[in-house]
Amino acid sequence: MAPPPTAADSPSAALDTLLDAVDVRIRGQRRVRLDDGEMLVLPQSSLSFAYVITGNTTTRVPVKGPHQLGSGEVLLSSGRLPATLTADGPASVLLTELELAEQSAHLLALLPDAATIAEFAALEPGAAALAQHMGVGAHDEHAKRGGDLAICRMMAKTVLASVIRAWVAKGCAPTGWPASASDPFLDRVINAIHAEPGRDWTVETLASLGAMSRSVFAERFRSTFGNSPAGYVTAVRMRAAQDLLTRGLGVSAVSRELGYASDEGFSRAFRRHVGTTPSTWRAQHQLTSA
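The text that follows walks through the structure, step by step, so that each part is easy to find. For clarity, every value in this text was computed on a predicted model and none was experimentally measured. (Residues numbered from 1 in each chain as written. Predicted model: local features only at pLDDT ≥ 70, side-chain atom pairs only at ≥ 80, totals over all residues. Heavy atoms only, no water.)

**Considerations on the sheet that holds strand S3 (residues 47-54)**
An order of S1-S8-S3-S6-S9 is seen for the 5 strands of this open sheet, with the pairing classed as antiparallel. Looking at which strands have only one partner, the edges of the open sheet turn out to be strand S1 (24-34) and strand S9 (114-117). Taken pair by pair, the neighbouring strands of this sheet meet at an average axis angle of 15°, ignoring direction. Direction of pairing for S3 relative to strand S6 (residues 74-77): antiparallel, over a ladder of 4 bridges. Residue pairing for S6: Phe49 is matched across the bridge by Leu76. Of the strands in this sheet, S1, S3, S6, strand S8 (91-100) and S9 are in contact with helix H4 (residues 148-169), which crosses S1 at around 80°. (Pairing = 2+ DSSP bridges. Helix = DSSP H or I, 4+ residues; strand = E, 2+ residues; numbered from the N terminus. Axes fitted to C-alpha atoms, helices over the stretch in contact; angles between N-to-C directions. Contact = heavy atoms within 4.5 Å.)

Quick look at the structure:
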């Protein structure tokens, strides 16, 4: 018998879990000035979004008809289909090409082939304001500053998450999305991990929560998320650790919060996953945030 539904099984909680799992690397980002009739081709085999800064454009994606996009609106592409954007008069567009981090790669299958988000700036004014300052033009010259890569990545992650939320808010997502796009029993497991990353999660505990045997659960989890249950738990803990360190908690406090038996064990896990020690990461992040 499946466990009874909980608050974590709600569509809102499922969306929170999905957006929390978004983690990206920037493959390319630039502002493009288009003359009337000039076309911008979005990259294939890559997740990307085009934010119209000024002017009006027409988007074209196979199977979908032409769609008008004006300033403050977005075209999101998963890269599975060719997608273009043509200027109707002079226009300026931010094109951001992204790569989902390993622990987020499974999210691509949940996203639409392509989606246009009208009135994005009105729905997500904070993210739209960020988009206005992202990328550089072909003739722009800016001195590089320490922390640029980290800050740009966080801005891109924020805008992408906001684009997905706006797509859902506009009623464009399938009914029950994102839960209906995946396994509802695994959704329950994922929600529980994100709700309590510091809990002593074992494969047996997670399998029981998902109403499966240990072997079936482990196989289904890896097939769906491309990672082992233990690897996924660690990835969620490391994202939580970065958030807690950003908020000013010390290494020992974060270690205890996330259920590690010792600071040394937490530091080793953090370094393996992030590439630097928690204290070094915290110091660098505080410097870039100043």
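**Regarding the packing of aromatic side chains**
Evaluated as defined, the whole model comprises 6 aromatic pairs. Ring centres 6.3 Å apart and planes at 75° place the aromatic pair Tyr51 and Phe120 in the edge-to-face group. Within this pair, whereas Tyr51 is found in strand S3, its partner Phe120 is found in helix H2 (residues 120-123), the two being separated by 69 residues in sequence. The burial state of Tyr51 is the same as that of Phe120; both residues are buried. For Arg237, the ring lying beneath its charged end belongs to Tyr260, and the centroid distance is 5.5 Å. (Phe/Tyr/Trp six-rings, centres within 6.5 Å; stacked < 30°, edge-to-face > 60°. Buried < 20%, exposed > 50% of the residue type's maximum accessible area, 1.4 Å probe, protein only. Lys NZ or Arg CZ within 6 Å of the ring centre and 35° of its normal.)

**As for helix H7 (residues 214-225)**
An ideal rise of 1.5 Å per residue puts 16 Å on 12 residues; H7 measures up with 16 Å between its terminal C-alpha atoms. Those residues of H7 lying buried are Phe217, Phe221 and Phe225. Down the axis of H7, the buried side of the element spans an arc of 30°, and every buried residue falls inside it. Seen from the open side of H7, the exposed residues pointing more than 90 degrees away from its buried face are Ser215, Glu219 and Ser223. (Expected span 1.5 Å × (residues − 1). Arc of directions from axis to C-beta.)

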